[in-house]
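An overview of the molecular structure
Here are the chains, one letter per residue:
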Amino acid sequence: MWDKDRLDKLAGKKQEWEKTTLADSLKRFKKDKPSTRFYTPLDIKEFDFLDKVGFPGQYPYTAGTYADLPPGSGPVRGGGGSLAVGGLVRAGQYAGYGTAEDTRDFYKQMIVRGWRVGPNLAFDLPSQFAFDSDHPLARGEVGKVGVAVSSFADYETIFEPFQGDRNLDRIATNMTINGPANAFIAMYVALAQKRGIGLDKLRGTPQNDILKEYTGRGAYLFPPKQSLRLTRDSIVFIAKNMPNMNILNISSHMRGAGATAAQCTGYMMANGIEYLRAGVNAGLDIDEFASQITFNGMGGSMDVLREIAIHRASRRIWARILRERFGSKSPKSWLLRCTQGCLVGHEDMQAQRPLNNLVRATIGGFAAAMTGQVPSAWPPYDEPLRLGRSLESQQLAEDAARILYHESKLCQVRDPFAGSYFMESLTDEVEAEVWEWVDRIEGMGGAAAATESGYLQREVARSAYEHHKKIETGEEVVVGVNTFTGDQELEVLTTRLVADPYDPERRAIAEENQIAKLKRLRAERDNAAVKASLKNLDQALRDESQNTFPAFIQCAQAYATIGEVGDVMREVLGEYKEYAII
């Protein structure tokens, strides 16, 4: 820290520089004001290294969640945007399509191609909204944006490739499911029990982040209060029975919906506070479960220096929340654990001149390395063009990450920006912006109350409007989209060498096949057991003091369909009606 005399002398030198050297440069370039900024110790006058940065793996974790990287680190085949690195048990890239049989065969194919990661399941929209595949609202959507899962029987099929040395106790499984998350986690529990695997051996991460659905993705089912009751039940059940399983994954989909970096991060922190409160109010000690709550990155954009600052600030904000607001005593609880590192946002991938997206994603990977994470050049360049990303684009993305990690040697230094006048100033700036959002939301009664009022949704809509207005006017430059689009520009493509990993013919008939399977299931199962399980679920849902998780497991074991389970939940919990945002 500089003393007052040295800072005063520096301030004088800066004024002298501005009046002479900088003024001459502006005059030469015919500019009224500079378009760049130079940082000095004047921008971090009160900077205290131990208080603001500290050492990697120690409070406040600005310099990194962990002191070092695990042995054998580096991007692995099939890891995708997740931090799947050598030496760790991790789920791989987000995937799934068609029927359970289609997704099962996809995983078999990928294992042959070298995948050594667990599944990270994408579900189709009917599954996400707890509708059976033969429901009228499911028509045309079965197996399109993910795999169709109508019952426990589909889980049994999907996980057929994961046995022996890839059994459930040897892998991690991620499930991107939110509204009916408890029903899907219960299917995984039922599968482990059927295979004789202890629940304490299971690893993985259900997304289970319902609050962001109201402001980001839109896949909500019930009002926020009722949804949080289900989250409470999963927090308690998993904390007490599945110590190696993460409970939920706080996600940044608000960025894709239009939120700013600080706004989105503030929402995520406020959502996290709401989940922590739910666990504590259910009778858990904060250190019984806080370490099982994870983050799915903090979103991303091409403003990579700010993105680096967001990640540095987020780690110390989360640590402060745990220590100061919840009285956590365990350093393990203070860690902000990310399933993804610093990435360029999926929404920044463009359909126009798509190979440019590889450059964008690689810049995101560089930013990840600058925040102490393993770089990932994700998503692949053809993200805007197809659901099943081509294997060629995945190869390029994996190679870009390998080059960043192995050839550039960016990961040989932890937090390279530590102590930088610029980065420390920017980290303080974005931290203050995030806290402003957190305090505002908490002042409204918390994230659930702010969601129920429609406030959070309105603010995201406002930010989205401002962002897109800048793109339309050209104030925000997007290469190949709103600038550099003349006839002299070239459209550069790659050669497709291998078949689409998602078989288009199988996708086309997935709905027909899934409906036929459902018809057989209903005819062959023990319908008396199904009826009893659904009645038990109904009773558990109506009693706030009960944990509903055992009832969801019973429904899975009886082969109740997700639509039948969803109908019971809708009847008891009600359905959320979205606010009209104008």
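Residues numbered from 1 in each chain as written. Predicted model: local features only at pLDDT ≥ 70, side-chain atom pairs only at ≥ 80, totals over all residues. Heavy atoms only, no water.

**Some remarks on the nonpolar core**
Counting 140 residues, the largest nonpolar core has Tyr 155, Met 269, Leu 276, Trp 318 and Ile 321 as the members making the most contacts within it. Apart from residues lying up to four places away in sequence, Met 269 is in contact with Phe 295, Met 298, Ser 314, Ile 317, Trp 318, Ile 321, Leu 336, Val 434 and Val 438. (Core = buried A, V, L, I, M, F, W, Y, C linked by side-chain atoms within 4.5 Å. Buried < 20%, exposed > 50% of the residue type's maximum accessible area, 1.4 Å probe, protein only. Contact = heavy atoms within 4.5 Å.)

**Comments concerning the packing of helix α14 (residues 356–370) against helix α15 (residues 391–407)**
The description of two packed helices rests on the angle between their axes and on the distance between the axes. Relative orientation of the contacting elements α14 and α15 amounts to 35°, with a least axis distance of 10 Å. When you trace α14 past α15, the crossing you get is right-handed. In contact with Leu 358, Thr 362, Gly 365 and Phe 366 of α14, α15 contributes Leu 396, Ala 397, Ala 400 and Leu 404. For the contact of α14 with α15, the residue count by class is six nonpolar, two polar and no charged. (Axes fitted to C-alpha atoms, helices over the stretch in contact; angles between N-to-C directions. Helix = DSSP H or I, 4+ residues; strand = E, 2+ residues; numbered from the N terminus. Left-handed = near helix turned anticlockwise from the far one by under 90°. Nonpolar A, V, L, I, M, F, W, Y, C, P; charged D, E, K, R; others polar.)

**What to know about α15**
Because an α-helix packs 3.6 residues into every turn, residues spaced three or four apart end up facing the same way. With 17 residues, α15 should reach 24 Å at 1.5 Å per residue; the first-to-last C-alpha distance of 23 Å fits that figure. Inspection of α15 places Leu 391, Glu 392, Ser 393, Gln 394, Ala 397, Glu 398, Ala 400, Ala 401, Leu 404 and Tyr 405 among the buried residues, and these make up the whole buried set. Contact partners of the buried residues in α15: β1 (91–95), α3 (100–112) and α14. (Expected span 1.5 Å × (residues − 1).)

**Details of the pairing of β1**
Of all five residues in β1, four are buried, a share of seventy percent or more. One ladder, built from three bridges, connects β1 with strand β2 (residues 118–122); its direction is parallel. Bridge pairing in β2 links Ala 95 to Leu 121. Each parallel crossover has a hand, and for β1 linked through α3 to β2 it is right-handed. (Pairing = 2+ DSSP bridges. Right-handed = clockwise from strand over helix to strand, strands pointing away.)

**Here's the deal with the packing of aromatic side chains**
Applying the stated rule across the entire model yields 23 aromatic pairs. For the pair Tyr 267 and Trp 437, a centre-to-centre distance of 5.8 Å together with 80° between the ring planes defines the contact as edge-to-face. With Tyr 267 in helix α10 (residues 261–281) and Trp 437 in helix α16 (residues 421–443), this residue pair connects regions lying 170 residues apart in the sequence. Of the residues examined, Tyr 267 reaches a relative accessible area of 1% and is grouped as buried. Classification of Trp 437 by relative accessible area gives buried; the value is 12%. Members of the aromatic cluster, joined through ring pairs, are Tyr 97, Phe 106, Tyr 107, Trp 115, Phe 123, Tyr 155, Phe 159, Phe 162, Phe 184, Tyr 188 and Tyr 502. For the cation-ring pair, Arg 323 lies above Trp 334, with the distance from its terminal atom to the ring centre recorded as 4.9 Å. Note that Arg 440 overlies the ring of Trp 437, its terminal NZ or CZ placed 4.3 Å from the centroid. (Phe/Tyr/Trp six-rings, centres within 6.5 Å; stacked < 30°, edge-to-face > 60°. Lys NZ or Arg CZ within 6 Å of the ring centre and 35° of its normal.)

**A look at the domain arrangement of the chain**
What the domain assignment lists for the chain is domain 1 (4–38) and domain 2 (50–473). Distance between the C-alpha centres of domain 1 and domain 2: 43 Å. (Domains from an automatic or database assignment.)

**Concerning the sheet that holds strand β4 (residues 203–206)**
Neighbouring strands of a sheet are bound in pairs by backbone hydrogen bonds; such pairs are parallel or else antiparallel. Read from one edge to the other, the open sheet built from four strands follows the order β1-β2-β3-β4, with strand pairing classed as parallel. For this open sheet the edge positions go to β1 and β4, each flanked by a neighbour on one side alone. Mean inter-strand twist for the sheet, computed between neighbouring axes without regard to direction, equals 15°. In this sheet, strand β3 (residues 172–176) lies alongside β2 in parallel orientation, the contact comprising three bridges. Its bridge partner being in β3, Leu 121 is matched across the sheet by Met 175.

**Digging into the side chain of Gln 457**
The topology assignment puts Gln 457 in helix α18 (residues 455–473). Note on Gln 457: relative accessible area 10%, which makes it buried. Within the structure, Gln 457 has its side chain in polar contact with the backbone oxygen of Thr 451 (distance 3.2 Å). (Polar contact = N/O pair within 3.5 Å; in protein donor to acceptor, adjacent residues only side chain to side chain.)

**Concerning a nonpolar patch on the surface**
A cluster of nonpolar residues, Phe 49, Leu 50 and Phe 55, forms a patch on the protein surface that exposes about 310 Å² of accessible area. Its relative accessible area of 56% is what places Leu 50 among the exposed residues. (Patch = residues over 30% accessible without salt bridge, like charges linked within 9 Å, V, L, I, M, F, W, Y side chains within 5 Å. Areas by Shrake-Rupley, 256 points an atom, 1.4 Å probe, with all protein chains shown as cover. Salt bridge = Lys/Arg side-chain N within 4 Å of Asp/Glu carboxyl O.)

**Observations regarding the pairing of β3**
Among the five residues that make up β3, five are buried, leaving the element largely enclosed by the rest of the structure. As paired strands, β3 and β4 are joined by four bridges and run parallel to one another. Its bridge partner lying in β4, Thr 173 is registered against Gly 204. In this fold, the crossover linking β3 to β4 by way of helix α6 (residues 181–194) has right-handed handedness.

**Remarks on the side chain of Ser 301**
Looking at the secondary structure, you find Ser 301 in the loop between β6 (293–295) and α12 (304–325). Within the structure, the side chain of Ser 301 is placed 3.2 Å from the backbone nitrogen of Asp 303, a separation counted as a polar contact. In terms of polar contacts, Ser 301 uses its side chain to reach the side chain of Glu 307, at 2.7 Å. Beyond its immediate chain neighbours, meaning those up to four positions away, Ser 301 contacts Arg 255, Glu 307, Leu 343, Val 344, Gly 345 and Asp 348.

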